[in-house]
Amino acid sequence: MKEKNITTMRSVASGFSYVMDLVSDEVQDHHKKVAYLAYRLAEEMKLPPHACRLSLIGGLMHDIGGVLAEDKTSLWDLEANAGRLAKAGASIARLIPLDAPIAEIIQYSQPSGEKEPAESAEVFASAKEWLDRHAKMPEFIRKARFSWMIGQIIQLADAATLLFEGESSALGQAKKVTARLEELASCRHFHPWVMDAFRRLSVEESVWLDLLYEPDAFLEFIPDNEYLTLEKMSMFSEFASVIIDFRSPFTAMHSAGVSASAVELARLMGMSEDECVMMKIAGNLHDIGKLKVPKEILEKPGKLTDEEYDIIKEHPYFTWKILKHIEGMEQITEWAAFHHEKLNGQGYPFRLKGEHIHLGARIMAVADIFSAITEDRPYRKGMDRERALAVLRGDAEKGAISSGIVELLAENYEQVNKAREQASKAAGRRYRESLEKKNIG
Ligand SMILES: [Fe+2]
Ligand SMILES: [Fe+2]
């Protein structure tokens, strides 16, 4: 049943673009616009369809390293941080087994002085000649060169989009942006073929009008009949959980632990195999709204101020806001986003009560507290069985969480805790490995 289609690629891309805007929200819809322009440029250069597609995905993801940035604004200090941003982004993309060379594309998507692999493209007279020559090359060489070229495309799309964020009319701005890009191109900022494609494309008014007034235009380049199975969505959610958790050593294993405990509890409650996979996805994504919370608040060692706590409390709302963009995920969205709702109506942010909180969300609430108090954090050890159960039973007595689920956990403590520990350990290992690789201090 895991082969069952749950949603579409287009829908996931839409949700993901929203995530990217949370990660680096300096410029409204920035990643959507870069994705759009990168695709149009690749098409204009007559790159094959898969390379156009990778330009779009790369455009959406190019700033993903920003999740590891200390503060969001430093992202835009490109001179100082472009190389680090690209490295961090590539190290995140490398964690997930993707067929596509996304990590390499991200690596090349920032002006960090990466040289073109092997001989210079400039020995060829045109992009066409370059492409024809590459058609005969072994797969791995082709991939490397394409990744590099796509990186060049994203660099230009990124620069154009950043320059384009003003208030005047789209066409008025277009002239200024083009003039500035010509200046940069004269200092060899951009690859000449990409710049040529841009010159041809930039005379088309609708490109600029789309950029300003139609931020979701990029979605039209993704066919709407490309479905994602439950299994694929589960893999995708694992990738998202890495992005959520790896922002901070304080949360490095949290989503993995919640997800694993929620699946065990769901199985014990008699949920079907498909529902257990849905639970896994919901667990991986439950804190995705935390991407909106500044890292310094996530990592604050002492007590939070009221204002800081108010910011943290927004996160389940943003989990809901991101996931509701994804068609077919309605059930999963509720299970994930309602994890801070309480049966007695004292939870947040929707103040739901009793029967309005579905079984999946009740399980998630228990799994979330259970994982949070039992996982080790840099400043404290996790609680042992006795203390953890005392906390959970206390919450159940207050009418906040389901006593039935808490008792089910108590009866099967070893089993649930083992699943949580194993998932947390695996996530911890991945976290340490990525720290070694990302090398961004
Ligand atoms: Fe949460
Ligand atoms: Fe959580």
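Predicted, not measured: the structure shown is a model, and the values here were computed from it. (Residues numbered from 1 in each chain as written. Chains lettered and ligands numbered in written order. Predicted model: local features only at pLDDT ≥ 70, side-chain atom pairs only at ≥ 80, totals over all residues. Heavy atoms only, no water.)

Caption draft 1: The packing of aromatic side chains, seen in detail. Overall, the coordinates contain 12 aromatic pairs when judged by the stated rule. Considering the side-chain rings of Phe 236 and Phe 239, the 6.4 Å spacing of their centres and the 70° angle between planes classify their relative orientation as edge-to-face. Here Phe 239 and Phe 236 lie together in helix α11 (residues 230–245), a separation of three residues that amounts to about one turn. The class of Phe 236 is partly exposed, set by a relative accessible area of 25%. Taking the relative accessible area as the measure of exposure, Phe 239 reaches 6% and is therefore buried. Among the aromatic residues, ring-to-ring pairing joins Tyr 317, Phe 318, Trp 320, Phe 338 and Phe 350 into one connected group. (Phe/Tyr/Trp six-rings, centres within 6.5 Å; stacked < 30°, edge-to-face > 60°. Helix = DSSP H or I, 4+ residues; strand = E, 2+ residues; numbered from the N terminus. Buried < 20%, exposed > 50% of the residue type's maximum accessible area, 1.4 Å probe, protein only.)

Caption draft 2: Here's a closer look at the coordination of the iron ion (ligand 2). Every protein donor of the iron ion (ligand 2) is listed here as His 254 (NE2), His 286 (NE2), Asp 287 (OD) and Asp 368 (OD), and their distances to the metal cover 2.2 to 2.4 Å. Coordination at the iron ion (ligand 2) is irregular: its four donor atoms span angles of 81 to 172° at the metal. (Donors = N, O, S within 2.8 Å, 3.2 Å for Na, K, Ca; no water. Tetrahedral: all angles 85-135°; square planar, octahedral: opposite > 155°, others 65-115°.)

Caption draft 3: Representation of the coordination of the iron ion (ligand 1) within the structure. Summarising the metal site, the iron ion (ligand 1) is bound by the protein donors Asp 287 (OD), His 315 (NE2), His 339 (NE2) and His 340 (NE2), whose distances to it range over 2.2 to 2.3 Å. Given four donor atoms and angles of 83 to 168° at the metal, the environment of the iron ion (ligand 1) is assigned as irregular. Counting the intervening residues between successive donors of the iron ion (ligand 1) yields the motif D-x27-H-x23-H-H. Separation of the iron ion (ligand 1) from the iron ion (ligand 2) amounts to 3.4 Å, with Asp 287 serving as a shared donor to the pair. Here His 315, found in helix α16 (residues 315–323), pairs with His 340, found in the loop between α17 (330–337) and α18 (359–374); they are 25 residues apart in sequence, far enough to count as distant. Across the pair, His 340 and His 315 agree in class, each one buried.

Caption draft 4: Main features of a nonpolar patch on the surface. A surface patch of nonpolar side chains, amounting to about 280 Å² of accessible area, comprises Leu 171, Leu 209 and Tyr 213. Within the secondary structure, Tyr 213 sits in helix α10 (residues 205–213). You can call Tyr 213 exposed: its relative accessible area is 54%. (Patch = residues over 30% accessible without salt bridge, like charges linked within 9 Å, V, L, I, M, F, W, Y side chains within 5 Å. Areas by Shrake-Rupley, 256 points an atom, 1.4 Å probe, with all protein chains shown as cover. Salt bridge = Lys/Arg side-chain N within 4 Å of Asp/Glu carboxyl O.)

Caption draft 5: Molecular detail of the nonpolar core. Within the largest apolar cluster, 125 residues are counted, with the highest numbers of intra-cluster contacts made by Leu 41, Leu 47, Leu 181, Trp 208, Met 329 and Leu 392. Broken down by element, this core gets its largest block of residues, 10 residues, from helix α7 (residues 139–163). When residues of this core are assigned to domains, at least three fall in each of domain 1 (5–221) and domain 2 (230–438). Residues in contact with Met 329, not counting those within four places in the same chain, are Ile 6, Met 233, Ile 281, Leu 285 and Leu 323. Membership of the second largest hydrophobic core comes to six residues, among which are Ala 337, Phe 338, Leu 343 and Ala 361. (Core = buried A, V, L, I, M, F, W, Y, C linked by side-chain atoms within 4.5 Å. Domains from an automatic or database assignment. Contact = heavy atoms within 4.5 Å.)

Caption draft 6: Up close: the layout of surface pockets. Here the second largest pocket defines a volume of roughly 840 Å³. Every residue lining the second largest pocket is counted, 29 residues in all, and those nearest its centre are Lys 290, Leu 304, Tyr 309, Ile 312 and Arg 377. Listing elements by their share of the lining of the second largest pocket, those giving two or more residues are α14 (295–298), α15 (306–312) and α18. A class-by-class count of the residues in the lining of the second largest pocket yields 11 nonpolar, nine polar and nine charged. (1 Å grid on protein atoms, 1.4 Å probe; cavity = no way out; pocket = protein on both sides within 12 Å on 5 of 7 lines; lining within 4 Å. Points joined across faces, edges and corners; volume = space filled by probe spheres on them. Nonpolar A, V, L, I, M, F, W, Y, C, P; charged D, E, K, R; others polar.)

Caption draft 7: Representation of empty space enclosed by the protein. Within this structure, the stated rule accounts for three cavities of 30 Å³ or more. The volume enclosed by the largest cavity comes to roughly 110 Å³. Lining the largest cavity are 15 residues, and of these Val 19, Phe 236, Ala 240, Leu 285 and Ile 288 sit closest to its centre. The set of elements that each furnish at least two residues to the lining of the largest cavity consists of α1 (9–23), α11 and α16. Of the residues that constitute the lining of the largest cavity, the class distribution is 13 nonpolar, two polar and no charged. Counting the residues that make up the lining of the largest cavity, at least three belong to each of domain 1 (5–221) and domain 2 (230–438).

Caption draft 8: Here's a closer look at the pattern of salt bridges. What the rule picks out here adds up to 17 salt bridges. The residue Asp 29 makes a salt bridge to Lys 32 at a minimum N-O spacing of 3.7 Å. Classification of Lys 32 as buried rests on a relative accessible area of 11%. Between Arg 393 and Glu 407 there is a salt bridge, with its nearest N and O atoms 2.9 Å apart. Within this pair, whereas Arg 393 is found in helix α19 (residues 385–397), its partner Glu 407 is found in helix α20 (residues 403–411), the two being separated by 14 residues in sequence. Residue classification places Arg 393 among the partly exposed positions, given a relative accessible area of 33%.

Caption draft 9: Region of the structure containing the environment of Tyr 309. Tracing the chain through its elements places Tyr 309 in helix α15. Looking at Tyr 309, the relative accessible area reads 42%, which means it is partly exposed. Sequence separation between Tyr 309 and Ile 297 is 12 residues; the distance between their C-alpha atoms is 8.6 Å. Look past the residues within four positions of Tyr 309 in its chain and what remains in contact with it is Leu 304 and Tyr 348.

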